[in-house]
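Chains, contacts and geometry: an overview
Each chain, letter by letter, is given below.
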Amino acid sequence: MNAFDLSHLRPRLPSPLEPVEDERFTRRGLTLLLKREDLIHPDLPGNKWRKLSLNLREAAGRPVLTFGGAYSNHLRATSAAGRLLGFPTVGVVRGDELAGRPLNPSLARCAADGMRLEFVDRATYRAKNDPATRARLLERAPAGAYVVPEGGSNALAVHGCVELGRELAGLADVAAVACGTGGTLAGLAAGFEGRTLGVPVLKGGFLGGEVRALQEAAFGGPRGDWTLDERFHGGGYARVSPALEAFAQDFEARHGLAIERLYVAKMLYGLTTLAEEGAFPAGTRLAAVITGAPETV
C-alpha cells in the first residue's frame, strides 16, 4: 500500500448524512440533511481530506509547500498531514507584518505540527502563481518540494471531491456548500446528479470563473448543474456579522451541533434564507455540506 493514500489513517467514508428537523424547512415541505464531512478525520476534516488526499499521493512523501492566510484551515490540515505522515511542510502566509507578532492559535498549531512558516508581503502573495515569484519561494523550501495551491484547489483536489457528489447521488436533490477557492464545488457538482449551490464566503464575484477554470483543468470542460449565490459572504472572508452570529447560535441551540462561522454558518444562513424565500419546491431534499468544525486549540 502507498503510505500516502491516507487509508491507514482510517477516514470515516462515506461521511454520515443526517436528517434534521427544522421547522423553517419542514413547514415548506423541505427535508434538510447534513452531510457531516467534519467527521471524516479529526485532523483532516471535511473538504480538506477530499482535496489533499490525491495531492499527497502525488507528492509521495516529498516536502509540501502551500499557501494561506493567518487563519487558513488549509494550512492547518496540511501541517497535520505532515505530522501524521512524516513529511516536511512549508506554509507561505499572507502578511509579512505577522512575522514579528505572537502566532495566533491557527498558526501556532501549524508550527507545533512542524510546519515552517514563511511570511510574505501581500504583493508577493498576490503574485504567488507567477513563475518567477514561485521560483523564489521554492528556493527557500526543502529540495524537491511539491506545491499545493491556496486552499488546496487544483485538478487533483477537484477529482478528490467528485466522490462527495457521488455519495449524495440519489439521496438529495440539491447540495449546498460554502466556497472559498472553488475546488470543492467544482468536484461536488461533477459527481452529483442534482443541483449544486455554492455560497461564496469572499466578496468580489470572481468565483464563477475560478470554478469553471478548475473544471476545465480537471475534466476538460464544464460538469454538473451548479450555481452561486453571492449574497451571504457577510462582508468578506473572516467577517461574521451580528446577524450571522445570531443565526449560528440559534442553529446550534436548535440542533446541538457546533457551527463553524467562516464557512459553514454562511452556507446554512444562505440555505435557510433561500428556503424562506420559496426558492425550492415542496418535496426537495436539501443536503448541506458541513465542511468543517469550529477550531479547537
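Above: the structure in question.
Notes on the structure follow. Everything numeric here is computed off the predicted structure, so don't read it as measured data. (Residues numbered from 1 in each chain as written. Predicted model: local features only at pLDDT ≥ 70, side-chain atom pairs only at ≥ 80, totals over all residues. Heavy atoms only, no water.)

Spatially, the 6 strands line up as an open sheet ordered β1-β2-β10-β7-β8-β9, and their pairing is mixed. Each edge of the open sheet is held by one strand with a lone partner, namely β1 (17-20) and β9 (225-228). Adjacent strand axes in the sheet meet at a mean angle of 25° when their direction is disregarded. Two strands pair when backbone bridges link them, and strand β8 (residues 195-200) and β9 are joined in this way by 4 bridges, in the parallel orientation. Looking at the pairing, G198 lines up with L228 of β9. Contacts between helix α9 (residues 207-219) and the sheet are confined to β7 (174-179), β8 and β9, with β9 contributing the most and set at about 155° to the helix. (Pairing = 2+ DSSP bridges. Helix = DSSP H or I, 4+ residues; strand = E, 2+ residues; numbered from the N terminus. Axes fitted to C-alpha atoms, helices over the stretch in contact; angles between N-to-C directions. Contact = heavy atoms within 4.5 Å.)

With 4 of its 5 residues buried, strand β2 (residues 31-35) lies for the most part within the structure. In this sheet, β2 lies alongside β1 in antiparallel orientation, the contact comprising 4 bridges. Paired with E18 across the two strands is L34, which belongs to β2. The pairing of β2 with strand β10 (residues 285-289) spans 5 bridges and is classified as parallel. Bridge pairing in β10 places L32 opposite L286. (Buried < 20%, exposed > 50% of the residue type's maximum accessible area, 1.4 Å probe, protein only.)

For any pair of aromatic rings, the description consists of the separation of the ring centres together with the inter-plane angle of the planes. Applying the stated criterion to the full structure yields 4 aromatic pairs. Each ring, one from F67 and one from Y125, has its centre 6.4 Å from the other, and the planes form 80°; the classification is edge-to-face. Highlighted residues: F67 in strand β3 (residues 64-68) and Y125 in helix α5 (residues 122-126), separated in sequence by 58 residues. Comparing F67 with Y125, the two get one shared label, buried. Between F232 and Y269, the aromatic rings sit 6.0 Å apart at their centres with planes inclined by 90°, giving edge-to-face as the arrangement. Of the two residues, F232 is situated in the loop between β9 and α10 (242-255) and Y269 in helix α11 (residues 264-276); the sequence distance between them amounts to 37 residues. Among the aromatic residues, those joined into a ring-pair cluster are F232, F247, F251 and Y269. Against the face of Y125 rests R94, its NZ or CZ located 5.2 Å from the ring centre. (Phe/Tyr/Trp six-rings, centres within 6.5 Å; stacked < 30°, edge-to-face > 60°. Lys NZ or Arg CZ within 6 Å of the ring centre and 35° of its normal.)

So, about the packing of helix α2 (residues 46-59) against helix α3 (residues 73-85). Any two packed helices are characterised by the angle at which their axes cross and by the distance between the axes. α3 packs onto α2 with a crossing angle of 50° between their chain directions and a minimal axis gap of 11 Å. Looking at the two axes, α2 sits oblique to α3. With respect to the hand of their crossing, α2 and α3 are arranged in right-handed fashion. Along the contact surface, α2 presents K48, L52 and L56, while α3 presents N73, H74, A77, T78, A81 and L85. For the contact of α2 with α3, a count of residues per class yields 5 nonpolar, 3 polar and 1 charged. (Parallel < 35°, antiparallel > 145°, perpendicular 65-115°, else oblique. Left-handed = near helix turned anticlockwise from the far one by under 90°. Nonpolar A, V, L, I, M, F, W, Y, C, P; charged D, E, K, R; others polar.)

L32, L34, I259, M267, L268, L271 and F280 are the most contacted members of the largest nonpolar core, which has 31 residues in total. Top element by residues in this core is α11. It accounts for 7 residues. Those residues in contact with M267, other than ones at most four positions away along the chain, are A176, V177, A178, V199, A288, V289 and I290. With 20 residues, the next largest nonpolar core counts A172, A175, C179 and L207 among its residues. (Core = buried A, V, L, I, M, F, W, Y, C linked by side-chain atoms within 4.5 Å.)

With that out of the way, let us pick up the pattern of salt bridges. Overall, the coordinates contain 24 salt bridges when judged by the stated rule. Note that R231 is salt-bridged to D229, the shortest N-O span being 2.9 Å. Judged by relative accessible area, R231 falls into the partly exposed class, the value being 46%. (Salt bridge = Lys/Arg side-chain N within 4 Å of Asp/Glu carboxyl O.)

On to the packing of α10 against α11. Where α10 contacts α11, the two axes come as close as 10 Å, and the packing angle between them is 85°. The angle between the axes of α10 and α11 places the two elements in the roughly perpendicular class. Residues A243, L244, F247, A248 and F251 of α10 touch α11, and the partners they reach there are A265, K266, L268, Y269 and T272. Here the contact of α10 with α11 is composed, by residue class, of 8 nonpolar, 1 polar and 1 charged.

Let us look at α2. Here α2 spans 20 Å end to end across 14 residues, near enough to the 20 Å set by a 1.5 Å rise per residue. At L52, α2 is deflected by roughly 35°, the largest bend along its length. Turning to α2, the residues buried within the fold contact β2, β3, α3, β6 (146-147), α7 (155-168) and α8 (183-191). Count one or two residues on from α2 and you reach A60, which has phi positive near 55°. (Expected span 1.5 Å × (residues − 1). Bend = angle between axes of the 7 residues up to and from the residue.)

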